[in-house]
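# Structural overview
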Amino acid sequence: MKILVTGGAGFVGSNLVARLDALGGHEIVVLDNEVSGARAAIADCAHTFIAGDITDPIAVERAMEGVEAVVHLAADTRVIPSIEAPRFNFDVNVAGSLVILETMRKLGIKRLVNASTGGAIIGDATPPVHEGMVAAPLSPYGASKLAVEGYCSAYAASYGMNAASLRFSNVYGPRSWHKGSVVALFIKQILKGETLTVYGDGGQTRDYVHARDLADGIVAALGSDVSGPVQLGTGIGTPLDEIIDLLREISGEDIAVDYKPFRAGEIVHNWCDIGHARAAIGYDPKIGLAEGLEETWRWFVDNREKLAL
Ligand code: UDP
């Protein structure tokens, strides 16, 4: 199958491209504007790289030539900047996704796997979050993802497409050098000998899923005809202090931590129910946190010089 991966040079994208390349049997096209990702991240994987923006219909049409399925990962995922500049976030995430859907419609491409999010769409709810919950985004970023899920549903119904929206929980893993999410951030800080800052008492939970388990979920969705939202994660809420303890063990470093007050507006507990993903696409995350964090730590250490850490 010839597959277009938008945002294929980013964190989740590069892990997916590596996975598809390892599985074999697919022709991979990557469309990426390299604003946060970089094509160097997938230099070790067979693919055709197209430098371009999802908001540019000409670049998108060129990238979709001969393609049978699209995995749409390209987005501006920064929550705080979306609050400062909601229009920009809309233009990239919503208008850009409409270019993807419109070009698919024009070219008759019927399969879309769209990257979405559980936490930011559902807002402050009692975990575990799941697809049956009413959406109440707290940020323009969350609203943009909800809007795109709406368009995916509408295009599926109106134009006979299959459009699944995979709601990712907190993803960590190798190839996350540019990420500000907590695992990547803490590893970079440990490597630089910096003190970690915990906003809160360290008891706050998140559902940390390894990027390769997530990539397997995307591949499973591609091989199915599932439409609509599908929550991916592990189903386990892990306190932040547990992440720090594991990193202490793995790195052998004496990690200093500064505890500060919880940040306003932040959700304390969040994890998800992956029952629908298990039933609908046979999703089955396998990588435990100790093993996954060890691999991630090792990846940063091995790439330390290249990353100038
Ligand atoms: N966090 C923290 N210190 C940091 C960065 C993050 O205590 O330097 C906490 C943050 O408050 C949250 C958790 O780590 O409770 C996960 O943060 P991240 O930004 O990775 O994900 P999100 O909050 O968007 O789920």
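Here the structure is shown first, and the text comes after it.
Residues numbered from 1 in each chain as written. Predicted model: local features only at pLDDT ≥ 70, side-chain atom pairs only at ≥ 80, totals over all residues. Heavy atoms only, no water.

## With respect to the packing of aromatic side chains
Evaluation of the coordinates by the stated rule reveals two aromatic pairs. Residues Trp299 and Phe300 carry aromatic rings whose centres are separated by 5.2 Å and whose planes lie at 90 degrees to one another, so their mutual orientation is edge-to-face. Seen from the ring of Tyr159, Arg105 lies directly overhead, with NZ or CZ sitting 4.6 Å from the centre. (Phe/Tyr/Trp six-rings, centres within 6.5 Å; stacked < 30°, edge-to-face > 60°. Lys NZ or Arg CZ within 6 Å of the ring centre and 35° of its normal.)

## Considerations on helix α1 (residues 11-23)
Taking 1.5 Å per residue, 13 residues should reach 18 Å; α1 reaches 19 Å between its end C-alpha atoms and fits that length. Within α1, burial applies to Phe11, Val12, Gly13, Ser14, Asn15, Leu16, Val17, Ala18 and Leu20. Against β1 (2-6), β2 (27-32), β4 (69-72), β6 (162-168), β7 (170-172) and α8 (211-222) lie the buried residues of α1. Immediately beyond the C-terminal end of α1, within one or two residues, lies Gly24, with a positive phi of roughly 75 degrees. (Helix = DSSP H or I, 4+ residues; strand = E, 2+ residues; numbered from the N terminus. Expected span 1.5 Å × (residues − 1). Buried < 20%, exposed > 50% of the residue type's maximum accessible area, 1.4 Å probe, protein only. Contact = heavy atoms within 4.5 Å.)

## Brief notes about the environment of Ala69
Tracing the chain through its elements places Ala69 in strand β4. Residue contacts for Ala69: discarding those within four places in its chain leaves Met1, Lys2, Ile3, Leu4, Ile109, Arg111 and Leu222.

## Quick look at the pattern of salt bridges
As enumerated under the stated definition, the model contains 16 salt bridges in all. Between Glu61 and Lys106 there is a salt bridge whose closest N-O contact spans 2.9 Å. Linking Glu61 in helix α2 (residues 57-63) with Lys106 in helix α4 (residues 86-107), this pair joins segments that are 45 residues apart in sequence. For Arg78, the salt bridge identified is with Asp76, shortest N-O distance 2.8 Å. (Salt bridge = Lys/Arg side-chain N within 4 Å of Asp/Glu carboxyl O.)

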